[in-house]
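Residues per chain are reported as follows:
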Amino acid sequence: MAKFIGKANDGFEPGWQIVPLSGQKEITLQAGSGFNVVDGGAHKKIIALKETSHGGNRLPVRRFMIKGVKRGKTVVWAKDKAKLAAQIVVEVKPQRVVTIALNYVEDKAGHKTKRSPDTAGALLKKINDIYLPQANVKFRKVSAGIRKINEDLGPIVMRDRKTPSKDKFSVLIANRVPGAQINVFFVWECEKAGLDADVEGHAEIAISRNEKTNCMVEDSLGTSFERVVAHEVGHNLGLKDDYTNPKLLMYGKKEKINGTLLTRSEILSICAQ
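Everything numeric in this text was worked out from a predicted model, so none of it was measured. (Residues numbered from 1 in each chain as written. Predicted model: local features only at pLDDT ≥ 70, side-chain atom pairs only at ≥ 80, totals over all residues. Heavy atoms only, no water.)

Caption draft 1: Summary view of the nonpolar core. Core analysis: the largest hydrophobic core is formed by 34 residues, its most contacted members being Y131, F139, V184 and F186. Looking at this core, the elements that each hand over two or more residues are β3 (16-20), β10 (96-107), α1 (120-135), β11 (137-149), β13 (182-187), β16 (213-218), α3 (225-236) and α4 (264-270). The element contributing the most residues to this core is α1, with seven residues. In this structure, A2, F12, L29 and A86 belong to the second largest nonpolar core, which totals 18 residues. (Core = buried A, V, L, I, M, F, W, Y, C linked by side-chain atoms within 4.5 Å. Buried < 20%, exposed > 50% of the residue type's maximum accessible area, 1.4 Å probe, protein only. Helix = DSSP H or I, 4+ residues; strand = E, 2+ residues; numbered from the N terminus.)

Caption draft 2: Broad picture of the environment of P164. Position of P164 among the secondary structure elements: in the loop between β12 (157-159) and α2 (169-174). Note on P164: relative accessible area 64%, which makes it exposed. Sequence separation between P164 and K73 is 91 residues, and the spatial gap between their C-alpha atoms is 47 Å.

Caption draft 3: Highlighting the environment of A78. Inspection of the secondary structure assignment puts A78 in strand β8 (residues 72-80). On the basis of relative accessible area, A78 is assigned to the buried category, the value being 0%. Remark: the alpha-carbon pair of A78 and V38, spanning 40 residues in sequence, is separated by 6.7 Å.

Caption draft 4: View of the sheet that holds β10. With respect to topology, five strands assemble into an open sheet ordered β11-β10-β13-β16-β15, the strand pairing being mixed. One side of each edge strand has no neighbouring strand; the edge strands of this open sheet are β11 and β15 (201-203). Each neighbouring strand pair of the sheet contributes to a mean axis angle of 20°, computed without reference to strand direction. In terms of strand pairing, β13 meets β16 through six bridges, oriented parallel. Bridged to V184 within β16 is C215. Along the sheet, α1 contacts β10, β11 and β13; its crossing angle with β11, the most-contacted strand, is approximately 150°. Against the sheet, α3 contacts β10, β11, β13, β15 and β16, and its axis sits at roughly 155° relative to β16. (Pairing = 2+ DSSP bridges. Axes fitted to C-alpha atoms, helices over the stretch in contact; angles between N-to-C directions. Contact = heavy atoms within 4.5 Å.)

Caption draft 5: Representation of unusual backbone geometry in the model. Unusually for a residue other than glycine, A31 sits at a positive phi of about 55°. Along the chain, A31 falls in the loop between β4 (24-30) and β5 (36-39). Using a relative accessible area of 44% as the deciding quantity, one classes A31 as partly exposed. For K45, which is not glycine, the phi dihedral falls at a positive 55°. If you trace the backbone, K45 turns up in the loop between β5 and β6 (47-51).

Caption draft 6: Local environment of the pattern of salt bridges. Here the structure, examined in full by the defined rule, presents six salt bridges. The partner of D219 in a salt bridge is R115, with the nearest N and O atoms 3.9 Å apart. Of the two residues, D219 is situated in the loop between β16 and α3 and R115 in the loop between β10 and α1; the sequence distance between them amounts to 104 residues. Residue R115 is classed as partly exposed on the basis of its relative accessible area, which comes to 24%. (Salt bridge = Lys/Arg side-chain N within 4 Å of Asp/Glu carboxyl O.)

Caption draft 7: Local environment of the pairing of strand β7 (residues 61-68). Only one face of β7 is covered, namely the face carrying R62, F64, I66 and G68; the face carrying V61, R63, M65 and K67 is uncovered. Sheet topology places β4 next to β7; seven bridges connect them, and they run antiparallel. Residue T28 lies in a different strand from β7, and its bridge partner there is R63. Examined bridge by bridge, β6 and β7 share five bridges and lie antiparallel to one another. For K50, the partnering residue across the bridge sits in β7 and is M65.

Caption draft 8: Structural view of the packing of aromatic side chains. Using the criterion set out here, one finds three aromatic pairs in the structure. Relative to F139, the ring of Y131 has its centre 5.1 Å away and its plane inclined at 75°; by these criteria the two rings are edge-to-face. F139 matches Y131 in its accessibility class, with the two residues each being buried. Ring geometry for F186 versus F225: centroids 5.7 Å apart, planes at 55°, classification tilted. Placement of the pair is F186 in strand β13 and F225 in helix α3, with a sequence separation of 39 residues. The pair F186 / F225 is uniform in exposure class, with both members buried. (Phe/Tyr/Trp six-rings, centres within 6.5 Å; stacked < 30°, edge-to-face > 60°.)

Here it is, written out as structure tokens:
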């Protein structure tokens, strides 16, 4: 049976592919020897479709490059004469740029994160390596530096909505960089009141696309540091925890999980409209 396939970490799900405006993505047609592959919405001129296989259309596995010409949605068909054998929906999206500030926290009592602003560039690259190929979302650094807090945040930085005097996350928020859509605060240890399980970070979940949000991530992580930051930033973009697939970035359990994939619905909710 003929089918189009792509790379899971490249904005592909079976039957669907995101393509960046003015960018391109490669898809493969399996068991499509001799089939006619066309853009079903060619009159819209949303994409430019080109076969890149060497050896003609008789190969059992054929490769195609899809270039995003203008934003919109179309479908690529593989036809065996007049019969439709396979199809894939293609959506072209412009790049969305999200500004971010990376704050390395020190408090009045001498508590401070072990992480350094020197690693900010490498961290941002890792986050963009996850979001840019899949959702065409790019994070642009506004600032990265030590954030001194003129208060004792305690050995554990708490998020406690019910007890304002204990809620030290709100103190961090009061010291956010105003010019960034997302502020990430790196702390020594953090917890959320009311949870029995240990947490590695905490984030506000965005309600609207332009909402300014914040998150904090602790030093003691049981999983990949970059993955945890990318996960918390996902909440800042409006994504919620998922408990169905450990390969997903938003998988909510932390035990040695390093998933980085985004689902089609998550991609469409955070990419540029």
